[in-house]
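An overview of the molecular structure
Chain by chain, the residues run as shown.
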Amino acid sequence: EYHIAIGRIAWVGDTFGITSITGYGSAKFDRSGELDFSSVDFLREGFNYERRKSFSQELRIQSVGDRKLNWIVGAVYARDKQKEGEFIAAGAQNDIDLPAGFPIELSHFDQTITSKSVFGELTYDVTDRLSLTAGARYSHDKIKRFEDQIEFGGPLQNVAGSRSFSDVSPRFVVKYALTSANADSINLF
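Now for a quick tour of the structure. (Residues numbered from 1 in each chain as written. Predicted model: local features only at pLDDT ≥ 70, side-chain atom pairs only at ≥ 80, totals over all residues. Heavy atoms only, no water.)

**Regarding the overall build of the chain**
What counts, and what does not: Secondary structure elements are defined from DSSP: runs of H or I of at least 4 residues count as helices, runs of E of at least 2 residues count as strands, and each element is numbered from the N terminus. Put simply, the radius of gyration uses C-alpha atoms, and a globule should come to 2.2 Å times the residue count raised to 0.38. Accessible area is worked out with a 1.4 Å probe on protein chains only. A residue is then buried under 20% of its type maximum, exposed over 50%, and partly exposed in between. Residue exposure ignores everything except the shown protein chains as possible cover, and the areas themselves are Shrake-Rupley values with a 1.4 Å probe. Positive: Lys, Arg. Negative: Asp, Glu. His and the chain ends are not part of the count. Lys charges are placed at NZ, Arg charges at CZ, Asp charges at CG and Glu charges at CD.
For the chain, the count of helices and strands is 0 helices and 7 strands. What you see for the chain is a C-alpha radius of gyration of 28 Å, clearly larger than the 16 Å of a compact globule of 189 residues, by over 25%. The buried share among the 189 residues of the chain stands at 22%. Of the accessible surface of the chain, which amounts to about 13200 Å², a share of 57% is contributed by carbon and sulfur atoms. Side chains of the chain give 22 positive and 26 negative charges; the mean places of these two sets differ by 11 Å.

What follows is the structure, encoded as C-alpha cells:
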C-alpha cells in the first residue's frame, strides 16, 4: 500500500516571490506464510512487515524581475521514519532436527532521520555577459536508530543510539556568456 501527495503553492509580487512545496509519502508492506517455496514445510515466516513515512517542507523567497542583483533565501525540513520486523522459524518438516517454530530469526528495526537546512544566494550581473554568484547552505541531520535481533535461538542483540551531523556548503560561481543575449550575430573583425 502506497500513498504519495505533493503540494506546491506560489505567489509572485512586483519585487519578490514566495514558493512553498510540501511532500508526504507512506508505504506499508506485510507478508507471512511458507518461505522456502517448496512443498515441504521447512521454513515459515511468521511475519515480515515494513512501514515508511516521509514528510518534507520547503519554503523559498526570491527576487523577481529584471535587476542587477538577484537573491534567494529558503529553508527545508524533512523527516523519514522506517520500521521493519521479521520472524522466521523452522517448519514442522525441517530435516535438521529443529523443533517446529524454533526461531531462526526475529528482528525489529526502527529508524528516524530528521533533516533541517537553510540556504541563501546572491547573483550580481556585472555586465549583460558577466555575473557573479555567492551562496551557502547550512544543513543539520539527526539519525535515531533502534535494532534488535535473535538468530538461531541465541541471546537478544540490540543496538540503539542517535547521531547528528552538520555541514556548511558554500557556492561561488563566475559566469560569462560568450555571446550577448540580445545579439543576433557576432562579428569577429
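Next comes the rest of the account.
**Focus: the packing of aromatic side chains**
Aromatic ring pairs: the centre-centre distance and the angle between the two ring planes describe each pair. This is how the line gets drawn: Aromatic rings from Phe, Tyr and Trp, taking only the six-membered ring of Trp, are treated as a pair when their centres fall within 6.5 Å; an angle between ring planes under 30 degrees marks them as stacked, one over 60 as edge-to-face, and anything in between as tilted.
Evaluation of the coordinates by the stated rule reveals 4 aromatic pairs. An aromatic cluster is defined as three or more aromatic residues linked by ring pairs; in this entry it consists of Phe47, Tyr49 and Phe87.

**Description of the side chain of Gln82**
To keep it simple, the criterion reads: Whenever two N or O atoms come within 3.5 Å, that pair is a polar contact, provided that in protein one can donate a hydrogen and the other can accept it, and provided that, for residues adjacent in sequence, both atoms are side-chain atoms. Only heavy atoms matter for contacts: two residues are in contact if any of them lie within 4.5 Å across the pair.
Considering the arrangement of structural elements, one finds Gln82 in strand E4 (residues 69-90). A distance of 2.4 Å separates the side chain of Gln82 from the side chain of Glu84, its partner in a polar contact. Discounting chain neighbours no more than four positions away, the residues touching Gln82 are Glu50, Arg51, Arg52, Phe109, Asp110 and Gln111.

**Some words on the sheet that holds E4**
Threshold: The criterion for strand pairing is that DSSP finds at least two bridges linking the strands in question. The axes are straight lines fitted to the C-alpha atoms, using for helices just the contacting stretch, and the angles between their N-to-C directions are given from 0 to 180°.
The 7 strands lie next to each other as E1-E2-E3-E4-E5-E6-E7, forming an open sheet whose pairing is antiparallel. Of all strands in the sheet, those with a lone pairing partner are strand E1 (2-12) and strand E7 (157-176), marking the two edges. Direction aside, neighbouring strands of the sheet carry axes that sit 5° apart on average. Here E1 runs beside strand E2 (residues 16-34); their pairing, made up of 11 bridges, is antiparallel.

**Side note on the pairing of strand E3 (residues 43-63)**
The pairing of E2 with E3 spans 18 bridges and is antiparallel. Pairing of Thr22 across the sheet is with Gln57, part of E3. Where E3 and E4 come together, 19 bridges link them in antiparallel fashion. Counterpart to Phe47 in the pairing with E4 is Phe87. Hairpin connection, E3 to E4: the antiparallel pair is bridged by 5 residues, and Gly65 has positive phi, about 100°.

**Section: the side chain of Thr123**
Mapped onto the elements, Thr123 comes out in strand E5 (residues 103-125). Taking relative accessible area as the criterion, Thr123 reaches 19% and is therefore assigned buried. Within the structure, Thr123 has its side chain in polar contact with the side chain of Thr133 (distance 3.0 Å). Here Thr123 is in contact with Lys68, Leu69, Asn70, Ser131, Leu132 and Thr133, once residues within four sequence places are set aside.

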